[in-house]
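Tertiary structure, described
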Amino acid sequence: MIGNLLQPELVELIRQRDFTQLREILCGFSPQEIAEIFTDLKPDDEAVLLRILPHETAAEVFEYLPLHDQEETLHSLGNEQVAQILNDLSPDDRTALLEELPAAATQKLLNLLSPGERKIASELLGYPKESIGRRMTPDYVAIKQNWTVAEVLDYLRREGKKRESLNQLYVVDEKGKLVDWVRLRNVVVAEPSTPVAELLENRNLALQATNDQETAVAAFRKYDVTILPVVDSHGVLLGVLTVDDVLDLAEQEATEDMQKMGGMEALDAPYLTISLFDMLKKRAPWLSILFVSEMFTSTAMGYYENEIEKAAVLAIFLPLILSSGGNSGSQATTLIIRAMALRDVVLKDWWRVFRRELSSGFLLGCTLGTLGLLRIISWQMLGFKNYGPHYLLLGFTIAGSLLGVVLWGSLIGAMLPLLLRSLKLDPATCSAPFVATLVDVTGIVIYFTLAFHILKGSFL
């Protein structure tokens, strides 16, 4: 919004090379607002504006830009400006950018970093992709257990300006292992002679660097904190993970799950920036699988071809039966996948989930079955449609089929994500379209099998 309003004026000033006025305009906004302005400009214009901003402000603005904007802007900057921005970026944000670039581009940018920053960047990139280690920052404050408050405050005066977060101070032993942590507030209000050991929180909360990012999201939600330490397998403190990074991770994970549940692979870039070829690669395989699966629906219908010929009225209600089963399955799948993402449901809860869906599926099936039966009776009684003298048998067939299909769809939709999780697969790949397709095939079998037994000697 801000960018749209200022864009004509900024572009004109860039064309006139009036950098003094450009700097005055931009410095009147916060880094977040400047980043919003940038998103409405071309990468070359963004690069010009980044060059005229103070170095620290430019780095802050760059952090708030989307990853694809960051990549395009880097291409428009000279090596000197790129080096300044990369060196000023926080390690976690820099890692998020570097891991999205091709290997050759990443190596080129690493060579622009100072030796110290290059070492940090290389260490973070050495952790597995999608791991907590790639999102942590080494800018934390570590203190010793045998220090006094006076020694801690003296240390903070020397080192505090170099650190990203100071609200929690981490206590480590001689080998760098995490012992506990103390609150900065408690340190400030304590007497200078107070030992650090008396201020410990006695809460050993820590994340493993090699754990996946979903673990971090769950931990922050569970403990209701804004920062957590990250340790290696031996308990040595490596860095910290802050809530701003976790919010980004949560949004990313939710986006991926929603895309997978739509019946496709998760996109690696925003919708409007991903190439058409990459879009096809993400969508075509799943559509092909669903198409092949639907062929089984046609095969199943062919098996009951004689029944359909004898009682064409059965075909009229087929979409009603199949859509009801697919909808119930999609509902159950969505509920369980989301519950698993929030850690409300785990594998050991499978029996509770089964019983719950058995009950709810039965009641939902009874509800829809009753509606189906009333529909046939009312149409017959009001003269909208003449189903013949055996219309009640047809009504009970529809009602019984709806009960069976909805019950089956609910159970399949709930159990399939749990089965995938037990096989170490992502439950989100159990998409709603996939469940609906699976229920279609079984729904045909349930419908025509029930019809054969109930309508034999009347319609059939």
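Refer to the structure printed above.
Below or above, wherever it landed, is the structure these notes cover. From a predicted model like this one, the values you see are computed outputs, not experimental measurements.

1. Focus: a nonpolar patch on the surface
On the surface, Trp379, Met381, Leu382 and Phe384 cluster together into a nonpolar patch covering about 480 Å² of accessible area. Counting through the fold element by element, tryptophan 379 comes out in helix 19 (residues 350-382).

2. Some remarks on the pairing of strand 3 (residues 178-183)
Of the strand pairs in this sheet, strand 2 (residues 168-172) and strand 3 are connected by 5 bridges, and their pairing is antiparallel. Looking across to strand 3, one finds that glutamine 168 is bridged to arginine 183. Hairpin connection from strand 2 to strand 3: 5 residues lie between these consecutive antiparallel strands, with glycine 176 at a positive phi of about 85 degrees.

3. Digging into the nonpolar core
The biggest cluster of nonpolar side chains holds 35 residues, and the ones touching the most others in it are Phe38, Leu49, Leu50, Leu53 and Phe62. A per-element tally of this core places helix 4 (residues 43-52) first, with 5 residues. Not counting residues within four places of it along the chain, the set of residues in contact with leucine 50 comprises Phe38, Ala58, Val61, Phe62, Thr73, Leu77 and Ile85. Among the nonpolar cores identified, the runner-up in size contains 22 residues, and Leu314, Phe317, Tyr391 and Ala451 belong to it.

4. Brief notes about the pairing of strand 2
Burial analysis of strand 2 places 5 of its 5 residues in the buried class, the great majority of the element. Burial along strand 2 is two-sided: the residues Gln168, Tyr170 and Val172 and Leu169 and Val171 are all buried.

5. Overview of the pattern of salt bridges
Under the defined criterion, the tally for this structure stands at 4 salt bridges. A salt bridge links aspartate 154 to arginine 158, with the nearest nitrogen and oxygen atoms 2.6 Å apart. Placement of both aspartate 154 and arginine 158 in helix 11 (residues 149-159) is noted, with a separation of 4 residues, approximately one turn of the helix. On the basis of relative accessible area, aspartate 154 is assigned to the partly exposed category, the value being 38%. When the shortest N-O distance is used, the salt bridge between glutamate 201 and arginine 183 registers 3.3 Å. Here the residue glutamate 201 occupies a position in the loop between helix 12 (184-189) and strand 4 (207-208), and arginine 183 occupies one in strand 3, the gap between them amounting to 18 residues.

Procedures and definitions
Residues numbered from 1 in each chain as written. Predicted model: local features only at pLDDT ≥ 70, side-chain atom pairs only at ≥ 80, totals over all residues. Heavy atoms only, no water. Patch = residues over 30% accessible without salt bridge, like charges linked within 9 Å, V, L, I, M, F, W, Y side chains within 5 Å. Areas by Shrake-Rupley, 256 points an atom, 1.4 Å probe, with all protein chains shown as cover. Salt bridge = Lys/Arg side-chain N within 4 Å of Asp/Glu carboxyl O. Helix = DSSP H or I, 4+ residues; strand = E, 2+ residues; numbered from the N terminus. Pairing = 2+ DSSP bridges. Core = buried A, V, L, I, M, F, W, Y, C linked by side-chain atoms within 4.5 Å. Buried < 20%, exposed > 50% of the residue type's maximum accessible area, 1.4 Å probe, protein only. Contact = heavy atoms within 4.5 Å.

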